[in-house]
Amino acid sequence: MSLARVALRIAAVEALRGRTRIGANVLDSQIGILDVAGDGGLRTDEDRPFLAVYTDAGKSEGAEARNLRENGEIDLVFVVGVMTALTEIDPETGAARLIGLGLPGTDAAFEFLLDLVDRQITAVLTDPANEWSEIWRKLVDEVVRVVRRRDASAGDADRLAAREIRLTVKVKADPLFNATQAEGSVWSKFRAKLASDRPELAAEVEALFGTVGADLAPFDFQRMRGANAGEARALGFAPHDPANPGATIKAGLLAGGPHLRAP
């Protein structure tokens, strides 16, 4: 699993929650948020307008040697949806309106809501005052393309209007497993912010970092770099003495080169 994919999605969800017209109903990887019914129309079980965030296809090319930490390009997908069933009758005017939003319950109003939330997503992700947006921007090196697609169900029953916004972004490589992140790095900021705002998720995500600050066994360090045994010995990632395979590299001395230490 790519740590960057997880961080990218969580940062987007937390940045957007409560900061668009959708309100707090921002969903992280909600499976089946839009289903295709037997008649070919779209269906959703959501009982209010929603914004769902997914990470989809990813592609990395030209990675050095066998480095599997590179993430390359990742598709980050936002799906905004609203149904005609999510309307109520205004007691003063007798007209239909979207529950909780006050917008008219018309097709034009649905389309306007999609346009509005689309605009708000781009505004939030570029907001300098939003800490989660800043983490998102530090994870993303470049936005390669933006593709928008409209989905709709126009049956006689409850109609659904939805929009998919697909960002293809170049994302930073994952950090080394078990390695200590530099103070002020995007990874240290992500971990601190997650522990503060979403402690129920923090413990699970910590497993993707490994045992931070632990001594790095040479063979673990070899695996991180994707080096084979001969390359690891030549580069000093593994002990030259096969009789002492348990020697370790002291994590705090990595900047000065590999320092082997007997177990």
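Anyway, here's the lowdown on the structure attached to this text. Since this is a predicted model, take the numbers as computed values, not measurements. (Residues numbered from 1 in each chain as written. Predicted model: local features only at pLDDT ≥ 70, side-chain atom pairs only at ≥ 80, totals over all residues. Heavy atoms only, no water.)

1. So, the nonpolar core
Stage number 1. By size, the foremost hydrophobic cluster in this structure holds 44 residues, and its most contacted members are L8, F78, I121, W136 and F190.
Stage number 2. Elements supplying a minimum of two residues to this core: α1 (3-16), β4 (50-59), β5 (73-83), α2 (107-125), α3 (131-139), β9 (160-171), α4 (186-197) and α5 (199-209).
Stage number 3. Among all residues touching F190, those that are not within four sequence positions of it are A7, I10, W132, I135, V205 and F209. (Core = buried A, V, L, I, M, F, W, Y, C linked by side-chain atoms within 4.5 Å. Buried < 20%, exposed > 50% of the residue type's maximum accessible area, 1.4 Å probe, protein only. Helix = DSSP H or I, 4+ residues; strand = E, 2+ residues; numbered from the N terminus. Contact = heavy atoms within 4.5 Å.)

2. Re the environment of A161
Stage number 1. Inspection of the secondary structure puts A161 in strand β9.
Stage number 2. In this structure, the C-alpha to C-alpha distance between A161 and D151, residues ten residues apart in sequence, is 6.2 Å.
Stage number 3. Excluding anything up to four places from it in sequence, A161 contacts V80, G81, V82, F110, L114 and D151.

3. A few points about the packing of aromatic side chains
Stage number 1. Applying the stated rule across the entire model yields two aromatic pairs.
Stage number 2. Geometrically, the ring pair formed by W132 and F190 is edge-to-face, given 6.2 Å between the ring centres and 75° between the ring planes. In this pair, W132 is assigned in helix α3 and F190 in helix α4, connecting sequence segments 58 residues apart.
Stage number 3. Overall, F190 belongs to the buried group, its relative accessible area being 1%. (Phe/Tyr/Trp six-rings, centres within 6.5 Å; stacked < 30°, edge-to-face > 60°.)

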